[in-house]
Amino acid sequence: MNLDFSQLVPYIPFILEGIWATLKLAGISIIIGFILGTLLALCKITKLPLLKGFADAYTSMFRGTPLILQLMIIYFAIPQLTGYDISAFLSAVLAFGLNSAAYVSEIIRAGILAVDRGQTEAAEALGVPYKQMMINIILPQALKNILPALMNEFITLTKESAIVSVISYMDLMRRAQIVGSELYRNFEPLLFAGLIYWVMVFILTQIGRLIERRLRHSD
Amino acid sequence: MIKAAGITKNFGKNSVLKNVSTTINRGEVVAVIGPSGSGKSTFLRCLNLLEQPTSGEIWINDQAITDRKTNKLEVRKQIGMVFQHFHLFPHMTVLENVTYAPKKVKKMKSIDAEAKAKGLIAKVGLSDKMNTYPSRLSGGQKQRVAIARALAMEPEIMLFDEPTSALDPEMVKEVLDVMKDLVDTGMTMVIVTHEMNFAREVADRILFLDDGKLMEEGDPGTFFSQPKTDRAKDFLAKIL
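Residues numbered from 1 in each chain as written. Chains lettered and ligands numbered in written order. Predicted model: local features only at pLDDT ≥ 70, side-chain atom pairs only at ≥ 80, totals over all residues. Heavy atoms only, no water.

As named in an unreviewed UniProt entry, chain B is Arginine ABC transporter ATP-binding protein, taken from Lentibacillus populi.

By the naming in an unreviewed UniProt entry, chain A goes by Arginine ABC transporter permease and is assigned to Lentibacillus populi. On record in UniProt, under Sequence similarities (unreviewed entry), the comment for chain A is "Belongs to the binding-protein-dependent transport system permease family. HisMQ subfamily." For the record of chain A, the UniProt heading Subcellular location (unreviewed entry) holds the text "Cell membrane". (UniProt positions renumbered as here; feature names shortened; annotations may be inferred.)

Printed below as a string of structure tokens:
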């Protein structure tokens, strides 16, 4: 075993630039996934069959096919179909955001259903309109219960964002690979990238715990 | 004034209310009693459209609220409701629970809503719990907050769905006392209850439901001493 990290040193800034790329991608995807996922969850619990059908079909499609396939369809197939030369970043954000929405919508749906039916009735009896009831009464309670599951989804997304290296988006993973092939040594750059991923997830976990603790102040 | 005309409610094949008709006048206090499963709560829940009757009409003042064109939210603004299990909003403090609907539904200014809420919370004896979350309150305290929350909307009518059934025995009185104060203000009240002494004491009229039918109605004195129907006699014999 001959590990030599000294050769890696000149490439460290190059790899570190990937942190920003990964964070940007994961962050925007999480936001898209969360907003779209919430809307889909609301569609799933309505009595309107059209919206419900759409949301169910959406979830089925994005959960039922590999993420890497969705990514490649968006990146390689959209230009062929429309002539629009989609950037790697936009493809990645779309694929991850749309995919994550499917999972998030299931988590949020379960969270909404777990809120006591009496809460809805109490709000209705006070004359609170549906939208305000959802925003002020039901969703805050649902989110509190599903926060651990939601954080898990965000952590998975952050790590799995590494597969964007297949469309040559210059994230942490891709940069580690490039350095690996420059040096003819793969272990050091990959290990280094792994460490950075772990640190990012660790920080994300801590943020999750912090939010969780703040939400529990009413217990 | 509330007028129910031929209210029937079916859940699937199960008929829970059968052709119930009655009129409740302004300022009247009506206690709805009967065995469990007799449709008391369903009747109450029809009055603010938490349940849509299968057939029949309900009039609040001069408005047929069972008409499909009626805006349910507008109807409910005039009718306060108190539930067996309180249903306070757990993520809001006592004060926030009471100010929420006036602010969001009535668009009252924060400062006015809070002044009003503080008055109501004081009236139910919980001024020292203003910034407490519901999880820190006893059942009796929760129910008193729930009453204050409903009153904050300045309803014309108050509905109570077994307000003391989920309480420990020593907390029943504090809730009933608050309700008695409310009776004294002349509020129109419909109360589903198992507290027979309370019903006898404060109600102007008793409605006795059994198996979804309004079997008997009358003033408490007559009803409790000389019930007309056998069902009512049976029921009273079991519980008194």
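Now, onward.
Draft legend 1. Structural detail: the interface of chain B and chain A. Opposite the 25 residues of chain B that make contact, chain A presents 21 residues. Summed over both sides, the interface between chain B and chain A buries roughly 2,000 Å², with carbon and sulfur atoms accounting for 59% of that surface. It is B:His87, B:His91 and B:Tyr100 in chain B that bury the most area against chain A; as a group they hold 25% of the surface buried on that side. On inspection of chain B and its partner chain A, the count reaches 1 salt bridge. Salt-bridge contacts for B:Arg45 lead to A:Glu121; the nearest nitrogen and oxygen are separated by 2.7 Å. The tally of links from chain B across to chain A stands at 5 residue pairs in polar contact (both at pLDDT 80 or more). Of all the elements in the fold, those that place two or more residues in the side of chain B that touches chain A are α2 (72–77), β6 (79–82), α3 (94–104) and α5 (139–151) of chain B. Counted by class, the side of chain B that touches chain A contains 15 nonpolar, 4 polar and 6 charged residues. (Contact = heavy atoms within 4.5 Å. Buried area = accessible area lost by both parts, 1.4 Å probe. Salt bridge = Lys/Arg side-chain N within 4 Å of Asp/Glu carboxyl O. Polar contact = N/O pair within 3.5 Å; in protein donor to acceptor, adjacent residues only side chain to side chain. Helix = DSSP H or I, 4+ residues; strand = E, 2+ residues; numbered from the N terminus. Nonpolar A, V, L, I, M, F, W, Y, C, P; charged D, E, K, R; others polar.)

Draft legend 2. Molecular detail of the pairing of strand β9 (residues 205–210) of chain B. Residue and element names in this part refer to chain B. With respect to burial, β9 is a largely interior element, 6 of its 6 residues being buried. Because side chains alternate across β9, one face comprises the buried residues Arg-205, Leu-207 and Leu-209, and the other comprises Ile-206, Phe-208 and Asp-210, equally buried. Across 4 bridges, strand β3 (residues 29–33) lies against β9 in parallel orientation. Bridge assignment links Val-32 to a residue of β9, and that residue is Leu-207. Bridge analysis of β9 against strand β10 (residues 213–218) gives 5 bridges, and the strand direction is antiparallel. Note on β10: the bridge partner recorded for Leu-207 is Glu-217. The turn linking β9 back onto β10 is made up of 2 residues, and Asp-211 within it adopts a positive phi angle of 55°. (Buried < 20%, exposed > 50% of the residue type's maximum accessible area, 1.4 Å probe, protein only. Pairing = 2+ DSSP bridges.)

Draft legend 3. Molecular detail of the UniProt feature "domain: ABC transmembrane type-1" (unreviewed entry) in chain A. Within this structure's numbering, the places UniProt gives as "domain: ABC transmembrane type-1" (unreviewed entry) are residues 19–208 of chain A. Between the end C-alpha atoms of residues 19–208 of chain A there is a gap of 20 Å, over a span that is 84% helix and 0% strand.

Draft legend 4. The sheet that holds strand β2 (residues 14–24) of chain B, seen in detail. Residue and element names in this part refer to chain B. With respect to topology, 4 strands assemble into an open sheet ordered β2-β1-β4-β5, the strand pairing being antiparallel. Both outer strands of the open sheet, β2 and β5 (63–64), are each paired with one neighbouring strand and no more. Summarising the sheet, strand β1 (residues 2–11) and strand β4 (residues 55–60) pair through 5 bridges and their orientation is antiparallel. Within β4, the position partnered with Lys-3 by the bridge is Trp-59.

Draft legend 5. Here's a closer look at the sheet that holds β9(B). All names here are of chain B. Across the sheet, 6 strands lie side by side as β6-β7-β8-β3-β9-β10; this open sheet has mixed pairing. Both outer strands of the open sheet, β6 and β10, are each paired with one neighbouring strand and no more. Recorded for the sheet is a direction-independent mean angle of 15° between the axes of neighbouring strands. Together, β6 and β7 (157–161) form the strand contacts of α5, whose direction differs from that of β6 by roughly 170°. (Axes fitted to C-alpha atoms, helices over the stretch in contact; angles between N-to-C directions.)

Draft legend 6. Fine view of unusual backbone geometry. Residue and element names in this part refer to chain B. The phi dihedral of Phe-86 is positive, around 65°, even though this residue is not glycine. You can see Phe-86 is positioned in the loop between β6 and α3. By relative accessible area, Phe-86 is classed as buried at 11%. In the Ramachandran plot, His-87 falls in the positive-phi region, its phi being about 55° despite a non-glycine side chain. Structurally, the position occupied by His-87 is in the loop between β6 and α3.

Draft legend 7. Highlighting the environment of A:Ile68. Residue and element names in this part refer to chain A. Secondary-structure assignment places Ile-68 in helix α3 (residues 67–82). Taking the relative accessible area as the measure of exposure, Ile-68 reaches 34% and is therefore partly exposed. Residues Ile-68 and Val-164 lie 96 residues apart in sequence; the distance between their C-alpha atoms is 8.1 Å. Ile-68 has contacts with Ile-163 and Val-166, leaving out every residue within four places of it along the chain.

Draft legend 8. Region of interest: the layout of surface pockets. Estimates place the volume of the largest pocket at around 660 Å³. Mapped onto the lining of the largest pocket, the elements with two or more residues apiece are α4 (88–114), α5 (117–125) and α6 (130–160) of chain A together with α2 of chain B. Sort the elements by how many residues they give to the lining of the largest pocket and α6(A) lands first, with 4 residues. For the lining of the largest pocket, the class distribution of residues is 13 nonpolar, 3 polar and 7 charged. Reported here for the second largest pocket is a volume of approximately 330 Å³. Forming the walls of the second largest pocket are 19 residues, and the residues nearest its centre are A:Leu139, A:Pro140, A:Leu143, A:Lys144 and A:Leu215. Looking at the lining of the second largest pocket, the elements that each hand over two or more residues are α6 and α8 (187–215) of chain A. Per-element tally for the lining of the second largest pocket: the top contributor is α6(A), with 10 residues. Taken together, the residues that form the lining of the second largest pocket break down as 13 nonpolar, 5 polar and 1 charged. (1 Å grid on protein atoms, 1.4 Å probe; cavity = no way out; pocket = protein on both sides within 12 Å on 5 of 7 lines; lining within 4 Å. Points joined across faces, edges and corners; volume = space filled by probe spheres on them.)

Draft legend 9. Representation of the UniProt feature "domain: ABC transporter" (unreviewed entry) in chain B within the structure. In the numbering used here, UniProt assigns the feature "domain: ABC transporter" (unreviewed entry) to residues 2–236 of chain B. Helix makes up 37% of residues 2–236 of chain B and strand 26%, and the two end C-alpha atoms of the span are 27 Å apart.

Draft legend 10. Spatial organisation of the UniProt feature "transmembrane region" (unreviewed entry) in chain A. Residues and elements named next belong to chain A. UniProt tags residues 20–43, 55–78, 84–104 and 190–211 as "transmembrane region" (unreviewed entry). Along residues 55–78 the backbone is 92% helical and 0% strand, and the end-to-end C-alpha distance reaches 23 Å. Within the segment residues 190–211, helix and strand shares are 100% and 0% respectively, and the terminal C-alpha atoms sit 32 Å apart.

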